[in-house]
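# Chain and residue survey
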Amino acid sequence: FDRARTSVDGKVTGPGVYGFQDVSVVVADPSLVGYAPRSETGKLLEAYQQRWVHSVNVHATWQSVWTSVTKDYTFPDNTTWFVADFDANGQDREMLASDLLEMQEATKAVPSFLGAVAVQFQTDAARDGEDATYGLFSLGTDQVSSSTSSVWPPFCLATEKKK
């Protein structure tokens, strides 16, 4: 989450937020990028203001994301955003729990922030190496019941990463 770019109007520089600004200014004036909307610009702007939700995919800690997005960018009225691809890769249990609680508190304190979605909830048991680190949970070792399938018996989830 460290690739900073500058928005098309030159007013915002930062990771993720340049794109938020780009959408806002281009919807207000599509000619900035050589676009001619099929409907009136006013209708496009009205639809944007009433329905648009910004999102950002991140592979960083919550504090890093929050600081990067909010330090230099003020969301226009009625503009909302969320983290669409939160990756807790490499975080220990305490850090992840702290991040999730801080995100929940941010949704209460800042009306423009709607929350976050995890990149992947369960670690892929069929993968090894770096691919096996994605996911908030892995399969545990406790089998919870028997199944007609001998290939995929049901196990409890665990919070420890696959080794």
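In short, a report on the structure. These figures come from a predicted structure and were not determined experimentally. (Residues numbered from 1 in each chain as written. Predicted model: local features only at pLDDT ≥ 70, side-chain atom pairs only at ≥ 80, totals over all residues. Heavy atoms only, no water.)

### Some thoughts on helix H4 (residues 93-109)
- Taking 1.5 Å per residue, 17 residues should reach 24 Å; H4 reaches 24 Å between its end C-alpha atoms and fits that length.
- Buried within H4 we find Leu96, Asp99, Met103 and Ala106. Looking down the long axis of H4, one finds its buried residues gathered within 85° of arc, a one-sided arrangement. Seen from the buried face of H4, the exposed residues on the opposite side, beyond 90 degrees, are Arg93, Glu94, Leu101, Lys108 and Ala109. (Helix = DSSP H or I, 4+ residues; strand = E, 2+ residues; numbered from the N terminus. Expected span 1.5 Å × (residues − 1). Buried < 20%, exposed > 50% of the residue type's maximum accessible area, 1.4 Å probe, protein only. Arc of directions from axis to C-beta.)

### Focus: the sheet that holds strand S5 (residues 113-118)
- Spatial strand order, S3-S4-S5: three strands in an open sheet with parallel pairing. Each edge of the open sheet carries a strand with a single partner, namely strand S3 (53-58) and S5. Across the sheet, the axes of successive neighbouring strands diverge by a mean angle of 20°, strand direction being ignored.
- Pairing of strand S4 (residues 80-86) with S5 involves three bridges; the strand directions are parallel. Looking across to S5, one finds that Phe86 is bridged to Ala118.
- Strand contacts of helix H1 (residues 17-28): S3 and S4, with the helix running at about 155° to S3, the strand carrying the most contacts. (Pairing = 2+ DSSP bridges. Axes fitted to C-alpha atoms, helices over the stretch in contact; angles between N-to-C directions. Contact = heavy atoms within 4.5 Å.)

### With respect to the nonpolar core
- Core analysis: the biggest nonpolar cluster contains 20 residues, and Phe20, Trp62, Trp81, Val83 and Phe113 have the highest contact counts within it.
- Those elements that place two or more of their residues in this core are H1, S3, helix H3 (62-70), S4 and H4. (Core = buried A, V, L, I, M, F, W, Y, C linked by side-chain atoms within 4.5 Å.)

### With respect to the packing of aromatic side chains
- A complete count under the given rule lists seven aromatic pairs for this structure.
- Geometrically, the ring pair formed by Tyr48 and Trp52 is tilted, given 6.2 Å between the ring centres and 40° between the ring planes.
- By relative accessible area, Trp52 is classed as partly exposed at 40%.
- Summarising the aromatic geometry, the rings of Trp81 and Phe113 are spaced 4.7 Å apart at their centres and angled 55° between planes, so their arrangement reads as tilted. Here Trp81, found in strand S4, pairs with Phe113, found in strand S5; they are 32 residues apart in sequence, far enough to count as distant. (Phe/Tyr/Trp six-rings, centres within 6.5 Å; stacked < 30°, edge-to-face > 60°.)

### Some details on H3
- By the burial criterion, the buried members of H3 are Trp62, Val65, Trp66, Ser68 and Val69.
- Packed against the buried residues of H3 are H1, S3, S4, H4 and S5.

### Concerning the pairing of S4
- Burial analysis of S4 places five of its seven residues in the buried class, which makes it a mostly covered element.
- Bridge analysis of S3 against S4 gives six bridges, and the strand direction is parallel. Counted as the bridge partner of Val56 is Val83 from S4.
- Each parallel crossover has a hand, and the one from S3 via H3 to S4 is right-handed. (Right-handed = clockwise from strand over helix to strand, strands pointing away.)

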